[in-house]
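Observations on the three-dimensional arrangement
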Amino acid sequence: MKYLAYIVAGIRNKPGRNLAAVLCFALIAANLFTGQYLIAGEVGSVDQGVNRMGADLLVVPSEYTQLLPGAGSDDTMAIVAVLPSTYRFDSDILDEIGTVQDVAGVSAQLFVTAVSIPDLSSSPINVYGINPETDFTIRPWLQDPLDTPLGTGTVLIGRDIQAGVQDTISIAGRTYTIAGVLDRTQSEMDHAVFLAMDDAYALASAEGSIPPDDPRIGVGGVNAGLVRVAPGADRDAVESRINQLGSAANVTVIGRHFSLDPIAQNLQGLPGILNTISAIVLIAAFPLIALISAMVAHERRREIGLLRSMGATRPIIVFLVMAESLVLAGLGAAAGIGASLALLSVLDAIGFLNSALQVSFRIPSVAEIGVFAGMTLLVIIAMATLSSVYPAYRSSTMNAFDAIRQGSG
Amino acid sequence: MLAGLIRPSSGTIRIRGMDIGSLSDDDISELRSREIGFVFQFSGLLPTLTALQNVMVPTLFSKGEAGTRARAMELIRTVGLSERADTYPGTLSSGEMKRIAIARALINSPSLLIADEPTGDLDVDTENEIMQLFRQLNREGMTIVMVTHNPDLVEYATRMFRMDRGRLEEQTGLHSGAPLPVSLSR
């Protein structure tokens, strides 16, 4: 710290040139930071989109297909929640389906009932049971991660239900605490409530919870099994295997053939492009930064000679020259990251990122942004160190007497 | 050469009995910070540091009893610029800058002061004050090697050398006893 005043004084000595150096570092930092930010946001967006597409296959009672227009597979729908129905089957078959080749996951869903709660929703609220341990279709839609896992006495609610986390909701005389709220899905899910399966069975057995004419819901009965196919596997083949297995149990498979692949493919090249740009900027900027460092050392050779005459050792000269570069680099990195973050926030706020990247851009988390900023700072510091080490060394080894007599500073 | 900035091609230079030619670069630097003060022909002040900060620069490199801020202020007072301690060199006259440079050279209490035309930019009164200061420092034990073109300053010197076509020749008839300033005339 005792050298700080001297280092700051050195920076103030040539404000124009040092401002240019800071700007140079800032541009490099902004380029690096923006690249990482966009790549992370884009990858996150595609991942989130894929996760929110839900299941690849839906295992349902054969009668269920009557509920669908043009029964059978649907090329466009996302399979997130089963449609409300009283067609059920025993969930034991789902355990067997889970062992079928190329099945990556199976999760059961049960439609319990529909209730009317005018204070919370203008539409009837569909109540579902899901298995929190195996669910992979509802959870990706949560607005925020759950503080505690979905369990007894807690529920998740759709976006159109007028309540929030930690509020309570009463269904058939039972009170549940809202653990999480889903993003808007533009589907029936927006006015649905999701309970853990045990709570769903308990609710189903309560007096008056389901219409008297509907078939009773026994423990183990489910309306659907949502199936995730292993990445890269042939969905048709998996569908065929499950159909063979399920025919005896009178269940059938509905397939989804829509995917985010085209968008993902469109975006596939973006990280490569951004990384290439960053590499080019780094390579092009390195000699420039080195030149600035060499200029600084050259301009100040008389001053350095004076410092040597006052007793500065060579390591101290190396330290002082490099420290100045590092301070400039640090300032530049901070300015570049700050400006980049501000600009990206504005672009996101006006929807530019969504339209430019054709995805619902996912803003990286604070932790991710911190990591990107730290990595950017490290790269800039490394660059400043590498570019200034030789000029600093040259400054320390030059003839102090000649420097004092001939230097211009 | 006396300060170890240039290595002699032959002969030896001893400071406090130590052959500085045998020292490593870092050891010579340390010796300079501890034992030698410089006053150059130009002031050599750093324009973005105040006068006080400039005076304190050599303390950055001193491992020994570094001069304190109070000592820096005392030296600035001694050279008659206490009211200008917090001003930047750009607002000082060339004479004032030279006086700050002298204060800087003295901050680490060196045993040897090397001064190149230290009074070159000063008016007569200030010149006399500085030379009186040098005389006092010398009497306190500091060796002062001064280069000057001003023949009027000969009266302050105890030994005088003249540089003539690269040869240093001692001028006789000045010695007045005990350790006194040495003036080099070229």
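It should be noted that the structure appears before, not after, this text.
Residues numbered from 1 in each chain as written. Chains lettered and ligands numbered in written order. Predicted model: local features only at pLDDT ≥ 70, side-chain atom pairs only at ≥ 80, totals over all residues. Heavy atoms only, no water.

1. Description of the packing of helix α7 (residues 301-309) of chain A against helix α8 (residues 314-349) of chain A
Residues and elements named next belong to chain A. Put simply, α7 and α8 touch, their axes get as near as 10 Å, and they point 140° apart. Note on packing geometry: the crossing formed by α7 with α8 is right-handed. Side by side, α7 and α8 meet where Ile304, Leu307 and Arg308 of the first sit next to Arg314, Ile317, Leu320 and Val321 of the second. Residues belonging to the contact of α7 with α8 are distributed by class as follows: five nonpolar, no polar and two charged. (Axes fitted to C-alpha atoms, helices over the stretch in contact; angles between N-to-C directions. Helix = DSSP H or I, 4+ residues; strand = E, 2+ residues; numbered from the N terminus. Left-handed = near helix turned anticlockwise from the far one by under 90°. Contact = heavy atoms within 4.5 Å. Nonpolar A, V, L, I, M, F, W, Y, C, P; charged D, E, K, R; others polar.)

2. Focus: a nonpolar patch on the surface
Together, Leu288(A), Leu291(A) and Met295(A) give the surface a local cluster of nonpolar side chains, amounting to about 260 Å² of exposed area. Along the polypeptide, Met295(A) turns up in helix α6 (residues 261-299). (Patch = residues over 30% accessible without salt bridge, like charges linked within 9 Å, V, L, I, M, F, W, Y side chains within 5 Å. Areas by Shrake-Rupley, 256 points an atom, 1.4 Å probe, with all protein chains shown as cover. Salt bridge = Lys/Arg side-chain N within 4 Å of Asp/Glu carboxyl O.)

3. Some remarks on unusual backbone geometry
Positioned with a positive phi, Gln166(A) is a non-glycine residue whose angle comes to about 80°. Inspection of the secondary structure assignment puts Gln166(A) in the loop between β5 (154-157) and β6 (168-171). Not every positive phi belongs to a glycine, and Arg16(B) is a case in point at roughly 50°. When you line up the elements, Arg16(B) lands in the loop between β1 (14-15) and β2 (18-19).

4. Comments concerning the interface of chain B and chain A
Opposite the 23 residues of chain B that make contact, chain A presents 26 residues. For the pairing of chain B and chain A, the buried interface totals around 2100 Å² over both sides, and the portion due to carbon and sulfur atoms is 67%. It is Thr48(B), Leu60(B) and Phe61(B) in chain B that bury the most area against chain A; as a group they hold 29% of the surface buried on that side. Our count for the contact surface shared by chain B and chain A stands at two salt bridges. The partner of Asp25(B) in a salt bridge is Arg314(A), with the nearest N and O atoms 3.3 Å apart. The interface formed by chain B and chain A contains five residue pairs in polar contact (both at pLDDT 80 or more). Of all the elements, helix α1 (residues 25-35) of chain B adds the most residues to the side of chain B that touches chain A, at five residues. (Buried area = accessible area lost by both parts, 1.4 Å probe. Polar contact = N/O pair within 3.5 Å; in protein donor to acceptor, adjacent residues only side chain to side chain.)

5. Some points on the pairing of strand β7 (residues 174-181) of chain A
Residues and elements named next belong to chain A. Here β5 pairs with β7 via four bridges, running parallel. Residue pairing in the sheet places Ile157 in a bridge with Val181 of β7. Between β6 and β7, which pair antiparallel in sequence order, lie two residues; one of them, Ala172, sits at a positive phi of approximately 50°. (Pairing = 2+ DSSP bridges.)

6. Comments concerning the nonpolar core
One finds Ile28(A), Leu307(A), Leu320(A), Ile380(A), Val57(B) and Phe61(B) to be the most contacted residues of the largest nonpolar core, which totals 55 residues. For this core, the leading source of residues is α8(A), giving nine residues. Ignoring anything within four residues of it in the chain, the contact list for Val57(B) reads Leu307(A), Met310(A), Leu46(B) and Leu49(B). Counting residues in each nonpolar core, the second largest holds 44 residues, with Ile125(A), Ile178(A), Tyr201(A) and Val229(A) among its members. (Core = buried A, V, L, I, M, F, W, Y, C linked by side-chain atoms within 4.5 Å. Buried < 20%, exposed > 50% of the residue type's maximum accessible area, 1.4 Å probe, protein only.)

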